[in-house]
Amino acid sequence: MSTDSHKVPHLTVEELFGAPVRAGASISPDGTRIAYLAPWRGRLNVWVESVGPQAQARCVTADDNRSVHTFHWTGDPRWLLYEQDGDGDERWHVHRVDLDNPDAGAVDLTPFPGATVVGFRMSVERPGKALLHLNHRNPVEFDLYEGDIASGELTMLAENPGHVAGWMHTPGGDLYAQIWTADGRIELKQWDVGTGSTRPVTTFDGTDYPLGITPFQLTPDGTGVWLGSNRDTDRTVLVRLDLATGEETPVDSHPRFDLDTRCTVFPGLPSPLIHNRRTGELIGVRYLGERQVIHPLDPHFASVLENLEKLSDGDVSALSSDDSGQRWVVTFTHHRDPGATYYYDHVTGQSRLLFRPFPHLDPDTLAPMEPVTITARDGLALPSYLTLPVGVAPTALPLVLLVHGGPWHRDSWGFAPIAQLFANRGYAVLQVNFRGSAGYGKAFLKAGIGELAGKMHDDLIDAVEWAVDEGCADRDRVAIFGGSYGGYASLVGVTFTPDVFAAAIDFCGISNLVTFLRTVPDFAKPQLVNNWYLYAGNPDDPQQEADLLARSPISRVDRIRTPLMVVQGGNDVRVVRAESDQIVDALRARGVEVEYMVKDNEGHGFVNPENNIDMFHAADHFLARHLGS
């Protein structure tokens, strides 16, 4: 690692936030081809090439409007599926590509304007079929369909009577419904389609599961489900739920870590459950603490995993195999070597690097991300990550406090281009898993109840004090930057604690908790009782409405004197544009300058590279003006 600041090159925003040359690789079920994402006309699209060092690649999708980020091999390697929305509106459609004739173009298997698909999955028990939840009949109700991948025919398996949050359909044809009750419980019931009668299977205390039961996957024989449970335990452990008796049987657990369920918030991340591709049986489980730990549950996979983990000192991320379980493609999470992807043959024991997504980034120029633990003022331990610039003495540096979204999410170890940008500019970067963050046990999560703009914010302020006391941060040059809930936290920072921060950036953040909760899509409102209503309040209750407003930055907008930058996606359906408009309008009405960037072709978070590049160019210049380096 370099020790002289002049030897560390200036990394451009384009280098850090431009499209990868390749990413997201996955091997076909027959082991003959590898699909991955790569640019085509400025957007990520799906490419396919044969397995082999001299393979010729071809682009098999043609979306020049918005990047593709999620694709799926089917059981028949002729067909490949991908999901796409429209300019960030989160109205997801499933498209099919014929790899025998990719020039024919993609076919939209869900061609219903305004509709969206959720809960899309394929199973080995029903080859050629896919299950999906679709709301084209009624925007607030998701019905269960089975799609024939080859023909495109959709068959309705269950019509939502209006209170079902999700469906399961077993290989034997049994139907189960997940229902959110008015008081927040989560009920699982067997459903008779013919009569509409139900049989209770089990009930969960919804307050323990603010985002629902995760993961929730049928066993191959259809008699049970694997799920993450914290019934009678603080940690989320893996159990098997018997669909006949409702009994939970422990399958696997970690003594200190929760299941890694980040994919429930960000679907592109790997599932905590690793399956045999051919049989669907469970072969591995992921847990996440400071770093990831994988427990192999199958001797063959244990042998494979041992060899895969020799390829990198990072954490195994995306993982796919052929049906035989002998040929693998693996991608690694790493703070300084992002996304390195390898091909591995377990028969020969040979492996080779397929690609690095950002080959222009020299690991020695990237800053290490180190786990640290910060003690809050009430003694609660806050797992955090500190990134310090390379080649700069870590003393009295300007500090950027990066706040994650959710709030039921968490920061974790790995490549963070935002942290790398600001570390390269000479700033210390601190990411704090404040109380209410997911992944650290039920008690840590519930410590956030009623604490928005309270102890959840105190944790962030305590983290700043920790960095100052450690000597790495300059108290007078601290910025706060966050997206979604993190954007709300940035606005709380400049309204509730205006003396702490020298600059703030709010990316698609909530300015008014009342208006935010009233603009949540109708189909998502039944779930609010266990998360936002529990943790923050219900605006339909006048007393809670008043408290929500008191915890909203808009109620203290007159206290803002910190330089502020606001960024928003015009098509955001989660935190609508009005949340940013109202805070900007209120400031401008007072004659207070605020930088405001809106991208009309984006939603909740930016996808198009040019928009990310614009935003971070602006953020880079904004912080340079107000923090220096």
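Note that the structure is a prediction, hence the values are computed from the model and not measured.

(A) Seen up close, the overall build of the protein. The helix and strand tally for the protein stands at 11 helices and 36 strands. Projected onto its principal axes, the C-alpha positions of the protein cover 65 × 60 × 50 Å. Taken across its 629 residues, the protein has 56% of its residues classed as buried. At a minimum sequence separation of 6, the contacts of the protein that also span at least 24 residues come to 54%. Summed over its atoms, the accessible surface of the protein is roughly 24600 Å², and 49% of this surface lies on carbon and sulfur atoms. Counting 52 positive and 83 negative side-chain charges, the protein places the centres of these two groups 1 Å from one another.

(B) Focus on the sheet that holds strand β2 (residues 33-40). Spatially, four strands are ordered β1-β2-β3-β4 in an open sheet, and the strand pairing comes out antiparallel. A single partner strand is all that each edge strand has here, and the edge strands are β1 (23-27) and β4 (57-59). When the angles between neighbouring strand axes are averaged without regard to direction, this sheet yields 30°. Relative to β4, strand β3 (residues 43-50) is paired through three bridges, and the arrangement is antiparallel. Among the inter-strand pairings, V48 is bridged to a residue of β4, identified as R58.

(C) Representation of unusual backbone geometry in the model. Looking along the chain, the bond that leaves G406 and enters P407 is cis, with omega of 5°. Even without being glycine, D87 reaches a positive phi, approximately 55°. Residue position: D87 is located in the loop between β6 (79-84) and β7 (93-98). Among the residues examined, D87 registers a relative accessible area of 22% and is labelled partly exposed.

(D) Main features of the environment of V293. Looking at where V293 falls in the secondary structure, it is placed in strand β24 (residues 292-296). Sequence separation of V293 and V316 is 23 residues, and the distance between their C-alpha atoms is 8.9 Å. Setting aside anything within four residues of it in sequence, one finds V293 in contact with H254, F257, V285, R286 and Y287.

(E) Region of the structure containing the sheet that holds strand β19 (residues 237-242). Pairing within the open sheet is antiparallel, and its four strands lie in the order β17-β18-β19-β20. Taken across any chain shown, the strands that pair with only one partner, and hence form the sheet edges, are β17 (216-218) and β20 (248-252). The mean angle between the axes of side-by-side strands here comes to 30°, regardless of whether they run parallel or antiparallel. Bridging between β17 and strand β18 (residues 224-229) involves three bridges; their strand directions are antiparallel. Each residue of the ladder has a partner; that of L218, found in β18, is V225.

(F) Spotlight on the confidence of the model for the protein. Predicted confidence across the protein gives a mean pLDDT of 94, with 98% of residues reaching 70 or more. For the stretch residues 1-6, pLDDT sits under 50, and the model shows 12 contacts to residues farther than four places along the chain or on other chains.

(G) Geometry of the packing of aromatic side chains. With the rule as written, the count across this model stands at 18 aromatic pairs. Consider the rings of F204 and Y209, whose centres lie 5.7 Å apart with planes at 75°: the pair is edge-to-face. A relative accessible area of 3% means that F204 is categorised as buried. For Y209, a relative accessible area of 6% translates into the label buried. Put simply, the rings of F17, F422, Y427, F481 and F616 touch in pairs and so form one group of aromatic residues. R291 extends its terminal NZ or CZ atom over the ring of W413, reaching a point 3.7 Å from the ring centre. Across from the ring centre of F496, 3.9 Å away, lies the NZ or CZ of R556, which sits over that ring.

(H) Representation of the pattern of salt bridges. Counted under the stated rule, the structure contains 40 salt bridges. Note that D208 and K446 form a salt bridge whose closest N and O atoms lie 2.7 Å from each other. One end of the pair, D208, is in the loop between β16 (198-204) and β17; the other, K446, is in helix α4 (residues 442-446), and 238 residues separate them in sequence. Residue classification places D208 among the buried residues on the basis of a relative accessible area of 12%. Note on K446: relative accessible area 28%, which makes it partly exposed.

Each value, and the rule that gives it
Residues numbered from 1 in each chain as written. Predicted model: local features only at pLDDT ≥ 70, side-chain atom pairs only at ≥ 80, totals over all residues. Heavy atoms only, no water. Helix = DSSP H or I, 4+ residues; strand = E, 2+ residues; numbered from the N terminus. Buried < 20%, exposed > 50% of the residue type's maximum accessible area, 1.4 Å probe, protein only. Contact = heavy atoms within 4.5 Å. Areas by Shrake-Rupley, 256 points an atom, 1.4 Å probe, with all protein chains shown as cover. Lys, Arg positive; Asp, Glu negative; His and termini not counted. Charge placed at Lys NZ, Arg CZ, Asp CG, Glu CD. Pairing = 2+ DSSP bridges. Axes fitted to C-alpha atoms, helices over the stretch in contact; angles between N-to-C directions. pLDDT = per-residue confidence, 0-100. Phe/Tyr/Trp six-rings, centres within 6.5 Å; stacked < 30°, edge-to-face > 60°. Lys NZ or Arg CZ within 6 Å of the ring centre and 35° of its normal. Salt bridge = Lys/Arg side-chain N within 4 Å of Asp/Glu carboxyl O.

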